[in-house]
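Coordinate inspection notes
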Amino acid sequence: MDLFAEQQPEFVPLATGACWLPGFALPVMDTLWPALQQHLCQHPPQQMMTPMGLMSVRTSSMGDWGWVGNAHGYAYSATQPDTQLPWPAIPPVILELAAAAARKAGYPDFVPDSCLINVYEAGSKMGLHQDKDEMDFSQPIVSLSLGIPAIFLFGGARRTDKPVKIPLQHGDVVVWGGVSRRFYHGVAPVKADSHPLLGSKRINLTLRKAK
Ligand SMILES: O=C(O)CCC(=O)C(=O)O
Ligand SMILES: [Fe+2]
């Protein structure tokens, strides 16, 4: 038997400046998941409106800047829409994970000030879009997947560029920056499944330097 054939690759290049790090978050999951669960209990994710309609994911945020939408548009906001209170800080385990993933992808100075939490149920999806509301495009995006699997669609600079389909699992991280910083990406409709830790959900954390 070839043991190495069974082993997951550590670093999968997706495009210039972009990579997939399978299982990157697994070593810190025992600390990360309770911290995230506590946040989600205190700040239940909500379905946001956007000019394109109601999103199929529910969202919450951590950090200096949360991501909020309404029928007129969306923006980074320093306060939570329902309470006007600041968002809770990003837990150190998540900040350190994001910095380590960015470092591995070739971005040594990543200090995110925003962590968007997207909660997917079976059937939830995210259409192809660019992340382009941040001020400094020299800073990458670090995206962590938890729970049931999902197909991440990673395209190119134009909406019509055919995306590659990346089967993301619990603990996988994707990083994109540099020339791929504004590449189109999205998530295919999530298939019903069950995960020992997260049940029927997929949770994505998107870490960014917003301002
Ligand atoms: O859920 C994902 O994997 C992607 C989320 C995303 O692209 C976003 O929130 O901008
Ligand atoms: Fe995005």
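Residues numbered from 1 in each chain as written. Chains lettered and ligands numbered in written order. Predicted model: local features only at pLDDT ≥ 70, side-chain atom pairs only at ≥ 80, totals over all residues.

With an unreviewed UniProt entry as reference, the protein chain is termed DNA oxidative demethylase AlkB, source organism Methylophilus luteus. One UniProt comment on the protein chain, placed under Cofactor (unreviewed entry), says "Fe(2+)". (UniProt positions renumbered as here; feature names shortened; annotations may be inferred.)

A count of helices and strands for the protein chain gives 3 helices and 14 strands. The C-alpha radius of gyration of the protein chain comes to 16 Å, within 12% of the 17 Å expected for a compact globule of 211 residues. The buried share of the protein chain, reckoned over its 211 residues, is 36%. Contacts in the protein chain between residues at least 24 apart in sequence constitute 73% of all its contacts with a sequence separation of at least 6. (Helix = DSSP H or I, 4+ residues; strand = E, 2+ residues; numbered from the N terminus. Rg over C-alpha atoms; globule rule 2.2 N^0.38 Å. Buried ≥ 20, exposed ≤ 12 C-beta atoms within 10 Å, placed from the backbone. Contact = placed C-beta atoms within 7 Å.)

Summing up the model confidence of the protein chain, the mean pLDDT is 95 and the portion of residues at 70 or higher is 97%. Interface scoring of the predicted complex returns ipTM 0.99; its pTM is 0.96. (pLDDT = per-residue confidence, 0-100.)

This paragraph deals with the sheet that holds strand 8 (residues 126-129). On the basis of which strands lie adjacent, the open sheet formed by 4 strands has the order 8-13-10-11 and antiparallel pairing. Of all strands in the sheet, those bounded by a partner on one side alone are strand 8 and strand 11 (164-168). Neighbour to neighbour, the strand axes of the sheet diverge by 20 degrees on average, direction disregarded. Bridge count for strand 8 against strand 13 (residues 185-187) is 2 bridges, and the pairing is antiparallel. Paired with Met126 across the two strands is Val187, which belongs to strand 13. (Pairing = 2+ DSSP bridges. Axes fitted to C-alpha atoms, helices over the stretch in contact; angles between N-to-C directions.)

Turning to the site of ligand 1, a few remarks are in order. The immediate surroundings of ligand 1 are formed by Leu116, Asn118, Met126, Asp131, Ser143, Phe152, His185, Val187, Asn204 and Thr206. Here the residues of the shell around ligand 1 sort into 4 nonpolar, 5 polar and 1 charged. (Near = placed C-beta within 6 Å. Nonpolar A, V, L, I, M, F, W, Y, C, P; charged D, E, K, R; others polar.)

Looking now at the nonpolar core. Ala98, Ala101, Ala102, Cys115, Val142, Val173 and Val175 are the most contacted members of the largest nonpolar core, which has 50 residues in total. Leave out the neighbours within four places in its chain, and Cys115 touches Ser61, Met62, Gly63, Ile90, Ile94, Leu205 and Leu207. (Core = buried A, V, L, I, M, F, W, Y, C linked by C-beta atoms within 7 Å.)

Below, the discussion takes up the environment of Ala101. Mapped onto the elements, Ala101 comes out in helix 3 (residues 92-104). For Ala101, a count of 23 C-beta atoms within 10 Å translates into the label buried. Along the chain, Ala101 and Gly69 lie 32 residues apart, while their C-alpha atoms are 28 Å from each other. Not counting residues within four places of it along the chain, the set of residues in contact with Ala101 comprises Leu21, Phe24, Val142, Val173 and Val175.

By the bridge criterion, 5 bridges tie strand 5 (residues 66-70) to strand 6 (residues 73-77) in an arrangement that is antiparallel. The residue bridging Gly66 from the neighbouring strand is Ser77, located in strand 6. Linking two consecutive strands that pair antiparallel, namely strand 5 and strand 6, is a turn of 2 residues.

Glancing now at unusual backbone geometry. One non-glycine residue with positive phi stands out, namely Gln84, at about 65 degrees. Of note, Gln84 is situated in the loop between strand 6 and helix 3.

For the rest of this paragraph, the subject is helix 2 (residues 29-42). Taking 1.5 Å as the rise per residue, helix 2 with 14 residues should run 20 Å; its terminal C-alpha atoms sit 20 Å apart, in good agreement. Here the buried face of helix 2 lies against strand 4 (53-63) and helix 3. (Expected span 1.5 Å × (residues − 1).)

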